[in-house]
Amino acid sequence: TIYHLAAMLGGPPSDMCLNTVVTSRNLLEAVVAQPTPPKVVLVSSFGVYGTAWLPAHSVINEETPLEPTPELRDPYSQIKLRQERLFWDYRAQHNYPLVVLRPGAIYGPESYGLSARIGLQLPGVFLFLGGNNPLPLSYVDNCSDALIAAARSSAADGQVYNVHDDELPTCRQFLDRYVREVRPLRVVPVPYAMLFAGSHAVLRYHVASKGQLPAVFTPYKTRSSWKPMRFDNSKLHTLGWRPLVSSEEAMRRTFESHRRHFQGAHA
């Protein structure tokens, strides 16, 4: 069994494509050349879903359509979508065993920082964008166990599974605990309506200035990342998977480690 967890998280888009898509193709060429191809467990991403045009509070599950216009998203989402499609294309051609897992926001004791679903850290201020949206967290131990369950199950071949914990806090609940238990932040809440209106202004100025202001916020990115949605992991449970660590214990472990990290960094 091959567990494929590799992807480039940032940098020039050309490098991200080279180090995520091209290297995956090289791996797949080696896989399908084997007399008996090994099973591949691919870690994809929630970023492949096309959520921008879904109604608010829609349920995101394995039947949710994939992103139809990835060029309007961030490079990471584009690259992960292209990577996953590559694996399915090779399966259609060579029929090797494949199962795809799409985790939410993976976190744990060594995952410093906050998910962009909660907000963005700017110099001296944290823009809180997630409001009361459910946060699709996947604690690292629980996510790892889901990979093992998928690898062991013959029924998982050719299937896709969303991976997130059962008990999901809201973005507000997670941020409040983080500020209380890890480190203080200067938090500036930005309501969704204000963010959406501001993203239109940013996009207009980006076009008018011919790119002098990066299009960090656009209406499409805002709808994709911060519109309130709900999440369903019931298909993953059909593999016999259950969270090894409760959300309460996972956050306790994570915040305790983060607090030590930041205290040590500022000692």
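Residues numbered from 1 in each chain as written. Predicted model: local features only at pLDDT ≥ 70, side-chain atom pairs only at ≥ 80, totals over all residues. Heavy atoms only, no water.

Colleague: Explain the pairing of strand 7 (residues 125–128) to me, using residue names and the numbers behind them.
Modeller: With burial as the criterion, each face of strand 7 is covered, one bearing V125 and L127 and the other bearing F126 and F128. The sheet contact formed by strand 6 (residues 119–122) and strand 7 spans four bridges and is antiparallel. Bridge assignment links G119 to a residue of strand 7, and that residue is F128. Here strand 6 hands over to strand 7 after two residues, with G124 in that stretch at a positive phi of 80°. (Buried < 20%, exposed > 50% of the residue type's maximum accessible area, 1.4 Å probe, protein only. Helix = DSSP H or I, 4+ residues; strand = E, 2+ residues; numbered from the N terminus. Pairing = 2+ DSSP bridges.)

Colleague: Explain the packing of aromatic side chains residue by residue, including any values.
Modeller: As enumerated under the stated definition, the model contains 10 aromatic pairs in all. With centroids separated by 6.0 Å and ring planes inclined at 80°, the aromatic side chains of Y178 and F255 adopt a geometry described as edge-to-face. In this pair, Y178 sits in helix 4 (residues 171–181) while F255 sits in helix 8 (residues 247–265), placing the two residues 77 residues apart along the sequence. We note that Y178, like F255, is buried. Chaining the aromatic ring pairs together yields one cluster made of Y107, Y139, F174, Y178 and F255. Over the face of the ring belonging to F262 we find R183, whose NZ or CZ atom lies 4.1 Å from the ring centre. The residue whose ring lies beneath R223 is W53, and the NZ or CZ to ring-centre distance is 4.1 Å. (Phe/Tyr/Trp six-rings, centres within 6.5 Å; stacked < 30°, edge-to-face > 60°. Lys NZ or Arg CZ within 6 Å of the ring centre and 35° of its normal.)

Colleague: Before we move on, can you summarise the pattern of salt bridges with the specific residues and values?
Modeller: Where charged atoms from two side chains of opposite charge come close, those side chains can pair. As enumerated under the stated definition, the model contains 11 salt bridges in all. When the shortest N-O distance is used, the salt bridge between R177 and E248 registers 3.1 Å. Placement of the pair is R177 in helix 4 and E248 in helix 8, with a sequence separation of 71 residues. Relative accessible area serves as the criterion here: at 12%, R177 is assigned to the buried category. By relative accessible area, which is 48% here, E248 ends up partly exposed. Close ionic contact of E249 with R252 constitutes a salt bridge, the shortest N to O distance being 2.8 Å. Placement of the pair is E249 and R252 together in helix 8, with a separation of three residues, close to one helical turn. On the basis of relative accessibility, which here comes to 36%, the residue R252 falls in the partly exposed class. In the salt-bridge network here, residues are joined through shared partners; they are D141, E249, R252, R253, E256 and R260. (Salt bridge = Lys/Arg side-chain N within 4 Å of Asp/Glu carboxyl O.)

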